[in-house]
Amino acid sequence: MTVLAAGEVSPGLLGFLVVAAIGAALYLLIKSMNKQMGRITVPRDGDLPDEKKAE
C-alpha cells in the first residue's frame, strides 16, 4: 500500500471537469430562469375583477 503525503494529492483533470460542468450547468439554469421570469405578467389591482362590486 502506498502512502501519499498531503501535498502530493490533487483533484486532477477529472475534478476540474466536474467543477467546470457544474459551473456551466449553473450558468444555463440561471439564464433560463431569467428568461422565464421575464415572461411572467403580474396583474395589477385595476386588472382584477372587483368581488365587492359583484355582491
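For the structure itself, consult the block above.
Residues numbered from 1 in each chain as written. Predicted model: local features only at pLDDT ≥ 70, side-chain atom pairs only at ≥ 80, totals over all residues. Heavy atoms only, no water.

**Considering the overall build of the chain**
Then, in step 1: Within the chain, the regular secondary structure consists of 2 helices and 0 strands.
Then, in step 2: In the chain, which comprises 55 residues, the proportion classed as buried is 0%.
Then, in step 3: Working note: accessible area of the chain is about 5,700 Å², and carbon and sulfur atoms make up 65% of it. (Helix = DSSP H or I, 4+ residues; strand = E, 2+ residues; numbered from the N terminus. Buried < 20%, exposed > 50% of the residue type's maximum accessible area, 1.4 Å probe, protein only. Areas by Shrake-Rupley, 256 points an atom, 1.4 Å probe, with all protein chains shown as cover.)

**Some words on a nonpolar patch on the surface**
Then, in step 1: Together, L26, I30, M33, M37, I40 and V42 give the surface a local cluster of nonpolar side chains, amounting to about 610 Å² of exposed area.
Then, in step 2: Within the secondary structure, V42 is located in the loop between α1 (12-39) and α2 (51-54).
Then, in step 3: Taking relative accessible area as the criterion, V42 reaches 65% and is therefore assigned exposed. (Patch = residues over 30% accessible without salt bridge, like charges linked within 9 Å, V, L, I, M, F, W, Y side chains within 5 Å. Salt bridge = Lys/Arg side-chain N within 4 Å of Asp/Glu carboxyl O.)

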